[in-house]
Amino acid sequence: MSDSGTSFLFLCRKMYFDGYTPSNKNLHPSENYQTLCNLAQQLIAKRGNEGFALYFCESQYLVDLWAAHFILEYGRPSEIMKTRALYVVNKYAQMSIKIKLAQEEKAWLKENGYV
C-alpha cells in the first residue's frame, strides 16, 4: 500500500476516534478533514474510482463510508460506481445501532438529492 493509502486509513481511524463522520459539516473546516480530502483526491487521481473503491471492503473506522462520500464528491463516478457508493451510504443511513450516524447520512442523502 502506498504511503498516501496508509495515511488515508490512519486518518480515517483518527477521525473515527475523534467522533467525526463524513456528513458532519462541523468538521469541514478542520485541518484533518482537509488533509483527508486531499489524500482522497490524490488516491482517486492515482488509482481511479475502481482502485479507490477497494476501500468499500473496509468498514472498520468508517473507511468504506469515507470512501463512498469521496467518490461521490470528487470521483466523477459512472452510474455503476455511483450506485455502489450510494449502497454504502444507504447501509449506514439504515443502521439502528448508530442512530446519530444514520440521521446524518439520511440528511446528507436528502441534501444532495439522492432521495
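It should be noted that the structure appears before, not after, this text.
Definitions and limits used
Residues numbered from 1 in each chain as written. Predicted model: local features only at pLDDT ≥ 70, side-chain atom pairs only at ≥ 80, totals over all residues. Heavy atoms only, no water. Helix = DSSP H or I, 4+ residues; strand = E, 2+ residues; numbered from the N terminus. Expected span 1.5 Å × (residues − 1). Buried < 20%, exposed > 50% of the residue type's maximum accessible area, 1.4 Å probe, protein only. Contact = heavy atoms within 4.5 Å. Arc of directions from axis to C-beta. Core = buried A, V, L, I, M, F, W, Y, C linked by side-chain atoms within 4.5 Å. Axes fitted to C-alpha atoms, helices over the stretch in contact; angles between N-to-C directions. Parallel < 35°, antiparallel > 145°, perpendicular 65-115°, else oblique. Nonpolar A, V, L, I, M, F, W, Y, C, P; charged D, E, K, R; others polar.

### Comments concerning helix H2 (residues 31–52)
Phase 1 of the analysis: Taking 1.5 Å of rise per residue, the 22 residues of H2 would be expected to cover 32 Å, yet its terminal C-alpha atoms sit only 22 Å apart, more than 12% below that figure.
Phase 2 of the analysis: Along H2, the residues classified as buried are Tyr33, Leu36, Cys37, Leu39, Ala40, Leu43, Ile44, Asn49, Gly51 and Phe52.

### Some details on the environment of alanine 67
Phase 1 of the analysis: Looking at where alanine 67 falls in the secondary structure, it is placed in helix H3 (residues 63–74).
Phase 2 of the analysis: Placed 27 residues apart in sequence, alanine 67 and alanine 40 show a C-alpha to C-alpha distance of 7.7 Å.
Phase 3 of the analysis: When sequence neighbours within four positions are dropped, the list of residues in contact with alanine 67 reads Phe8, Phe52, Tyr55 and Phe56.

### Side note on helix H5 (residues 99–111)
Phase 1 of the analysis: Taking 1.5 Å of rise per residue, 13 residues should cover 18 Å, and H5 covers 18 Å from first to last C-alpha, within 8% of that figure.
Phase 2 of the analysis: Those residues of H5 that fall on the buried side of the exposure criterion are Leu101, Ala102, Glu104, Glu105, Trp108 and Leu109. Mapping the buried residues of H5 onto a view down its axis gives an arc of 160°, with all of them on the same face. In H5, those exposed residues whose orientation departs by more than 90 degrees from the buried face are Ile99, Lys100, Gln103, Lys110 and Glu111.
Phase 3 of the analysis: Where H5 is buried, its residues meet H3 and helix H4 (79–93).
Phase 4 of the analysis: Phi turns positive one or two residues past the end of H5, at glycine 113, with a value near 75°.

### Let's talk about the nonpolar core
Soluble globular proteins: nonpolar side chains tend toward being buried together.
Phase 1 of the analysis: In this structure, Phe8, Leu36, Phe52, Phe56, Trp66, Phe70 and Ile71 are the most contacted members of the largest nonpolar core, which totals 35 residues.
Phase 2 of the analysis: Of all elements in the fold, only helix H1 (3–17), H2, H3, H4 and H5 reach the threshold of two or more residues within this core.
Phase 3 of the analysis: Apart from residues no more than four positions distant in its own chain, isoleucine 71 is found in contact with Ile44, Asn49, Phe52, Ala53, Phe56, Arg76, Pro77, Met81 and Ala85.

### Quick word on the packing of H4 against H5
Phase 1 of the analysis: Interaxial distance between H4 and H5 falls to 7 Å at its minimum, and their mutual angle equals 135°. On the basis of the axis angle, H4 is oblique to H5. Listed contacts from H5 to Leu86, Val89, Asn90, Tyr92 and Ala93 of H4 are Leu101, Ala102, Glu105, Lys106, Trp108 and Leu109.
Phase 2 of the analysis: Residue composition of the contact of H4 with H5, by class: 8 nonpolar, 1 polar and 2 charged.

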